[in-house]
Number of protein chains: 2
Amino acid sequence: MKRYKVGILGATGAVGREMLNILEEYKVPIDSLKLFASQKSVGKQISFNEKEYMVEEANEESFQGLDFVLGAASNQIAKKYKDSIVQSGAIFIDNSSAFRMDDTVPLVVPEINGEDAFSHKGVIANPNCSTIIALMAISGISRLSKIKSIVASTYQATSGAGAAGPVELKEQMRALLEHKEIKNSVFPYQIVDNLIPQIGNFIENGYTTEEMKMQNEGRKIMHLPQLKVDCTCVRVPVPRSHSISLMVCTEDNLSIEDIKREISLSKGCKLLDNPDEFLYPMPIHTSNQDLVYVGRIRKSLINENAVCLWCCGDQVRKGAATNAVQIMMKLIGLKY
Amino acid sequence: MKRYKVGILGATGAVGREMLNILEEYKVPIDSLKLFASQKSVGKQISFNEKEYMVEEANEESFQGLDFVLGAASNQIAKKYKDSIVQSGAIFIDNSSAFRMDDTVPLVVPEINGEDAFSHKGVIANPNCSTIIALMAISGISRLSKIKSIVASTYQATSGAGAAGPVELKEQMRALLEHKEIKNSVFPYQIVDNLIPQIGNFIENGYTTEEMKMQNEGRKIMHLPQLKVDCTCVRVPVPRSHSISLMVCTEDNLSIEDIKREISLSKGCKLLDNPDEFLYPMPIHTSNQDLVYVGRIRKSLINENAVCLWCCGDQVRKGAATNAVQIMMKLIGLKY
């Protein structure tokens, strides 16, 4: 079996570290590994498959000889090194939002549009975390009937803001219990005991950049250029796993039975919808694993061609790191 | 000025205690006060306007001579004493859901349908907390154009489950930080670090009783028998103030400017919508006060006759106790 030379850009962040875990777990055949991070992490040792690797700072020459570079860094870093990576002949699977809407860059959720990955010109983009989780949940519905619109309200975990997010939540819990001052630096306000209805920056139409991703990226991934999405993104005091309340309008009137069957058949999804036994998706049950859980499936009371549902998924894994590794696995013909 | 003889049924619970605070704060002219609670609270002293009152157990004779009984007890208790209260000549303003959908009982949010209160036959119902907060937020919109449908996702605080809810959240935070077992009794699962997409009991159509209230009660309060609501109710780890993400469809295409102006003119609402300065409603700013905060107002991208918004309000106060006291004030001609 061919083994691959892989680099990780941003290897010490929440997503980068998770990419390493997932490469190990999924037994991706690695020949050599290069770990890149910012200067302050240079020299750190990170173990992978029982071997120690030294973190180094990337430069234009760093990517020579690599087969894949998995990007878990900022848009700025992704843009800085893109040309060097492509010119070195490596395939750049990038988790930043820098290239997602670039027409020459496939934007891929392997279970939904995996074939798109093969049309890459050196760069493949990994979608936004909430977008991946929502689209995974409704991909079964889209096989039954064309999706016309989605109303989405998100309940996004603190780890969506990086490894420092859950640390800030926990520190604020401690301060709250000890009646000390609650300090915030990761989030614009305290997140303990609170909800923050802003993720990303505001644009002219009143939506945030994060909220627009579900429509813009959803159109590209699902090949639905007319898809319309009303999204409200809210940060909640949960450390991990994003949850999303969805109302999905389709061209046809679908039965709940058909929808449930199709979701249960969706690769990467787990149908958990048994209200009588208090079974529905919750963040405590969906963290640190790769399935998107889907439940609370019921007909809309507004539109007979619509359905309401609730989904949860680990946004550091399937919403980011796992999806990127799965794109690589798709390209090299490895089952996941 | 006439002074009133008032009884409170369920005076020691979260809503009952808040009713006492609000009667004091709003300087409602009280002549005498009777505090009723279950046997285990009998004999407790509660102070009101610098006088001490003893909690007693209610019986069929307890309501003789009272002008108003404010109900903050269970459906069962409300049903048990309704006839005695009405026969005694008192007006029963009840916060339980026992009589809300009864055609002979007005269901009232004073700022929206205050006049309905005057058609009572001895009983007036106080609506569901999330319903009050959502309808308060959109009442300005309904003055501009008939509301046809609402898609709502709630973010409901633990105090919606009574005074024990926030205590359980705090105890679970402590257990989490001390690496101890997380115990739950108020909620079906741990609520710290989690979200629970179930409030109320499930009915046949897949919705919960809580979720159906927004449509059923909304129709009655707004005099919109055709109103359709898709609601998803979610418990979040926040101690107080419910938040709701709403998409509201109207008969006409309204401008955001008109909607903002009308909301800013809505009695009981506060428009807080200045994204450039990170100003939007959040639970930490809306608790322990009576206004419903409304922000994140923007045109739907799906339907030109729809608008998305986000609102927060203290569900123990405006969502329950304040609204009940305001109904009483409306009836006695007192400004609030």
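No experiment lies behind these values; they were computed from the predicted model shown.

Participant: Would you take a moment to explain the packing of aromatic side chains for this structure?
Facilitator: The geometry of an aromatic ring pair comes down to the distance between the two centres and the angle between the two planes. This structure, assessed with the given rule, holds 17 aromatic pairs over all chains. Pairing Tyr280 of chain A with Phe202 of chain B gives two aromatic rings, centres 6.3 Å apart and planes at 40°, and the pair type is tilted. A residue pair is termed interchain when its members come from two chains, as with Tyr280 of chain A in the loop between strand S11 (269–271) and helix H8 (283–286) and Phe202 of chain B in the loop between helix H5 (164–177) and helix H6 (209–222). Phe202 of chain B shares its class with Tyr280 of chain A; the two are buried. Here the aromatic rings of Phe63 of chain B and Tyr81 of chain B are separated by 5.7 Å at their centres, their planes lie at 65°, and the arrangement is edge-to-face. Pair noted here: Phe63 of chain B is in the loop between strand S4 (51–56) and strand S5 (68–71) and Tyr81 of chain B is in helix H2 (residues 75–88), with a separation of 18 residues, a long-range link. Site record: aromatic cluster; members linked through ring pairs are Tyr155 and Trp310 of chain A together with Tyr155 and Trp310 of chain B. Just above the ring of Tyr207 of chain B sits the side chain of Arg298 of chain A; from NZ or CZ to the centre is 4.4 Å.

Participant: What is the right way to look at unusual backbone geometry in this model?
Facilitator: Trans peptide bonds make up the majority, and among non-glycine residues the majority have a negative phi. Phi at Asn49 of chain A is positive, roughly 45°, even though this residue is not glycine. Residue placement: Asn49 of chain A occurs in the loop between strand S3 (45–48) and strand S4 (51–56). When its relative accessible area of 46% is taken as the criterion, Asn49 of chain A is described as partly exposed. Even without being glycine, Lys27 of chain B reaches a positive phi, approximately 50°. Judged by its relative accessible area of 69%, Lys27 of chain B falls in the exposed class.

Participant: Help me understand the side chain of Ser241 of chain B in this model?
Facilitator: Mapping Ser241 of chain B onto the fold places it in the loop between strand S9 (228–232) and strand S10 (242–250). A polar contact of 3.0 Å, which involves the side chain of Ser241 of chain B, links it to the side chain of Ser287 of chain B.

Participant: Help me understand the sheet that holds strand S12 (residues 292–299) of chain A, please; the structure alone is not making it clear to me.
Facilitator: Sheets are built from strands that pair by backbone hydrogen bonding, the pairs being arranged parallel or antiparallel. Residue and element names in this part refer to chain A. In space, the six strands of this open sheet follow the order S9-S8-S10-S13-S12-S11, with mixed pairing throughout. Unpaired on one side and paired on the other, strand S9 (228–232) and S11 mark the two borders of the sheet. Averaged over all pairs of adjacent strands, the angle between strand axes in this sheet comes to 25°, irrespective of strand direction. Both strand S8 (residues 147–155) and S9 contribute to a ladder of five bridges, which runs parallel. Counted as the bridge partner of Ser153 is Thr232 from S9.

Participant: What's the story with the interface of chain B and chain A in this structure? I'm lost.
Facilitator: Think of interface size as the accessible area that goes away when the parts come together; that is how it is often given. Counting residues at the interface gives 61 residues for chain B and 61 residues for chain A. Approximately 5,300 Å² of surface area, both sides summed, lies buried where chain B meets chain A, with 65% of it carried by carbon and sulfur atoms. Contact with chain A buries surface across chain B, with Leu177, Leu301 and Ile302 of chain B losing the most and accounting together for 13% of the total. Viewed at the interface, chain A and chain B are joined by four salt bridges. Across the salt bridge formed by Glu211 of chain B and Arg298 of chain A, the nearest N and O atoms sit 3.9 Å from each other. Applying the counting criterion to the chain B and chain A interface returns 30 residue pairs in polar contact (both at pLDDT 80 or more). At the level of secondary structure, the elements contributing two or more residues to the side of chain B that touches chain A comprise strand S8 (147–155), H5, H6, S9, S10, helix H8 (283–286), strand S12 (292–299) and strand S13 (306–313) of chain B. The residue inventory of the side of chain B that touches chain A, partitioned by class, reads 36 nonpolar, 15 polar and 10 charged.

Participant: Whenever I open this one, the environment of Leu227 of chain A confuses me. Can you help?
Facilitator: Residues and elements named next belong to chain A. Residue position: Leu227 is located in the loop between helix H6 (209–222) and S9. Along the sequence, Leu227 and Met214 sit 13 residues apart, while their C-alpha atoms lie 9.9 Å from each other. Every residue in contact with Leu227, bar those within four places of it in the chain, is listed here: Ile147, Lys148, Ser149, Ile150, Gln215, Gly218 and Arg219.

Participant: Got a minute to help me understand the packing of helix H4 (residues 129–144) of chain B against helix H7 (residues 256–264) of chain B in this structure?
Facilitator: Two packed helices can be described by the angle between their axes and the distance between those axes. All names here are of chain B. Viewed as axis vectors pointing N to C, H4 and H7 meet at an angle of 120°, and their least axial separation amounts to 8 Å. One way to sum up the angle between H4 and H7 is to call them oblique. Every pair of crossing elements has a handedness; the one defined by H4 and H7 is right-handed. Two secondary-structure elements touch here, H4 through Ala137, Gly140, Ile141, Arg143 and Leu144 and H7 through Asp258, Ile259, Arg261, Glu262 and Ile263. Counted by class, the contact of H4 with H7 contains five nonpolar, one polar and four charged residues.

Participant: I would appreciate a short explanation of the relation of the copies chain B and chain A in the present structure.
Facilitator: The relation between the two copies of this chain is a rotation about an axis and a shift parallel to it. Between the two copies, chain B and chain A, the superposition gives an RMSD of 0.0 Å; the rotation angle is 180° and the shift along the axis is 0.0 Å. What we have between these two chains is a two-fold relation. With an isologous cut-off of 70% or more, the 100% of interface residues of chain B that recur at the interface of chain A puts this contact in the isologous class.

Parameters at a glance
Residues numbered from 1 in each chain as written. Chains lettered and ligands numbered in written order. Predicted model: local features only at pLDDT ≥ 70, side-chain atom pairs only at ≥ 80, totals over all residues. Heavy atoms only, no water. Phe/Tyr/Trp six-rings, centres within 6.5 Å; stacked < 30°, edge-to-face > 60°. Helix = DSSP H or I, 4+ residues; strand = E, 2+ residues; numbered from the N terminus. Buried < 20%, exposed > 50% of the residue type's maximum accessible area, 1.4 Å probe, protein only. Lys NZ or Arg CZ within 6 Å of the ring centre and 35° of its normal. Polar contact = N/O pair within 3.5 Å; in protein donor to acceptor, adjacent residues only side chain to side chain. Pairing = 2+ DSSP bridges. Axes fitted to C-alpha atoms, helices over the stretch in contact; angles between N-to-C directions. Contact = heavy atoms within 4.5 Å. Buried area = accessible area lost by both parts, 1.4 Å probe. Salt bridge = Lys/Arg side-chain N within 4 Å of Asp/Glu carboxyl O. Nonpolar A, V, L, I, M, F, W, Y, C, P; charged D, E, K, R; others polar. Parallel < 35°, antiparallel > 145°, perpendicular 65-115°, else oblique. Left-handed = near helix turned anticlockwise from the far one by under 90°. Least-squares fit on C-alpha atoms with pLDDT ≥ 70 in both.

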